[in-house]
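# Overview (structure and organization)
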Amino acid sequence: QVQLVGSGGGMVQAGGSLRLSCAASGLTRSDYFMGWYRQAPGKEREFVVVISNDGITHYADSVKGRFTISRDSAKNAVYLQMNSLKPEDTAIYYCTAGLKDMRFWSPDYWGQGTQVTVSS
């Protein structure tokens, strides 16, 4: 079975940084897209960022220039460096994987979520 385990969340003041990690297991294909979604309290889940197997990235406008995704294919891991954090970034962040670009298609697999809280 495929499992995605996200970690690295926490509480930080506005302007601070956090680094999220996601460890994937059970993926039998090498061509998965991976990325992150987030869900703020009382709001719908939204796309944050996606990275292809060959390293092409796409970011939501709300995080572009502040967040950076990276991928370690040998470890089946992805990371999200989050800088210049804002209170509106407060959400549960979900590591995701899928066979299609997650800007347009729902992920096939979801991690359990890790909480990010940004205080003003």
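See the structure printed just above.
Everything numeric here is computed off the predicted structure, so don't read it as measured data. (Residues numbered from 1 in each chain as written. Predicted model: local features only at pLDDT ≥ 70, side-chain atom pairs only at ≥ 80, totals over all residues. Heavy atoms only, no water.)

### A look at the packing of aromatic side chains
Tallied over the full model, the rule gives four aromatic pairs. A ring pair is formed by Y32 and Y109, whose centres lie 6.1 Å apart and whose planes are at 65°; its orientation type is edge-to-face. Linking Y32 in the loop between β3 (18-25) and β4 (33-39) with Y109 in strand β10 (residues 109-110), this pair joins segments that are 77 residues apart in sequence. You can call Y109 partly exposed: its relative accessible area is 28%. (Phe/Tyr/Trp six-rings, centres within 6.5 Å; stacked < 30°, edge-to-face > 60°. Helix = DSSP H or I, 4+ residues; strand = E, 2+ residues; numbered from the N terminus. Buried < 20%, exposed > 50% of the residue type's maximum accessible area, 1.4 Å probe, protein only.)

### Topic: the environment of G10
Within the secondary structure, G10 is located in strand β2 (residues 10-13). With relative accessibility at 23%, the residue G10 sits in the partly exposed group. Considering only alpha carbons, one finds G10 and T90, 80 residues apart in sequence, at a separation of 9.9 Å. Among all residues touching G10, those that are not within four sequence positions of it are L18, Q115, V116 and T117. (Contact = heavy atoms within 4.5 Å.)

### A look at the sheet that holds strand β1 (residues 3-7)
Taken together, four strands build an open sheet; the order of strands is β1-β3-β8-β7 and the sheet is antiparallel. The outermost strands of the open sheet, each flanked by one partner alone, are β1 and β7 (67-72). Between one strand axis and the next, the sheet turns by 15° as a mean value, whatever way the strands run. In the sheet, β3 pairs with strand β8 (residues 77-82) via six bridges, with the strands oriented antiparallel. Bridging from a neighbouring strand, R19 pairs with Q81 of β8. (Pairing = 2+ DSSP bridges. Axes fitted to C-alpha atoms, helices over the stretch in contact; angles between N-to-C directions.)

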